[in-house]
Amino acid sequence: MQLLLKLAAALRPGGSLVITEHLRPEGSYNPFKAVEPPRLDFSLLLFTEAGRTLTLSRLDGMLRAAGLKINSAEGNYPARYSFIIASAIEPTDEEAQEK
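Residues numbered from 1 in each chain as written. Predicted model: local features only at pLDDT ≥ 70, side-chain atom pairs only at ≥ 80, totals over all residues. Heavy atoms only, no water.

Engineer: With reference to specific residues and values, describe the sheet that holds strand β1 (residues 16-22).
Structural biologist: Strand pairing in a sheet takes place through backbone hydrogen bonds and is either antiparallel or parallel in direction. One open sheet accounts for three strands, arranged β1-β3-β2; its pairing is antiparallel. In the strand order of this sheet, the two ends are held by β1 and β2 (68-75), each with one partner. On average, each strand axis in the sheet is tilted by 25 degrees relative to the strand beside it, whichever way the strands run. Here seven bridges tie β1 to strand β3 (residues 81-88), and the two strands are oriented antiparallel to one another. Residue pairing for β3: His22 is matched across the bridge by Tyr81. Contacts from helix α3 (residues 56-65) reach β1, β2 and β3, with the element oriented near 150 degrees to β2. (Pairing = 2+ DSSP bridges. Helix = DSSP H or I, 4+ residues; strand = E, 2+ residues; numbered from the N terminus. Axes fitted to C-alpha atoms, helices over the stretch in contact; angles between N-to-C directions. Contact = heavy atoms within 4.5 Å.)

Engineer: Let's hear about the pattern of salt bridges: which residues, and what values?
Structural biologist: In total, this model carries one salt bridge according to the counting rule given. Between Asp60 and Arg64 there is a salt bridge, with the nearest N and O atoms lying 3.5 Å from each other. Highlighted residues: Asp60 and Arg64, both in helix α3, separated by four residues, approximately one helical turn. Classification of Asp60 as partly exposed rests on a relative accessible area of 23%. (Salt bridge = Lys/Arg side-chain N within 4 Å of Asp/Glu carboxyl O. Buried < 20%, exposed > 50% of the residue type's maximum accessible area, 1.4 Å probe, protein only.)

Engineer: A description of the pairing of β3 should follow, citing residues and the corresponding values.
Structural biologist: By the bridge criterion, seven bridges tie β2 to β3 in an arrangement that is antiparallel. Directly across from Gly75, in β3, lies its bridge partner Ser82.

Written out as structure tokens, the structure reads:
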């Protein structure tokens, strides 16, 4: 999450962030019925705090918490790698006037 915050702060106005991510399907997930073998989830379980690949909605929530929004998500979702393009969330007129 801290990396997303740093990336959001570094974006120039109108800039975009391109993310490549292995996304898993929404909802309940059985790695043994996945399109790909569950190797990636097992590796993440061993080497990361959360231990799972992300869903598109989870990634969207993380990006929004960092002040970013998804503009497009392309690829072989929900299998293999997807390319996500995100940009800064523009403040509304009321929010801009408050600053």
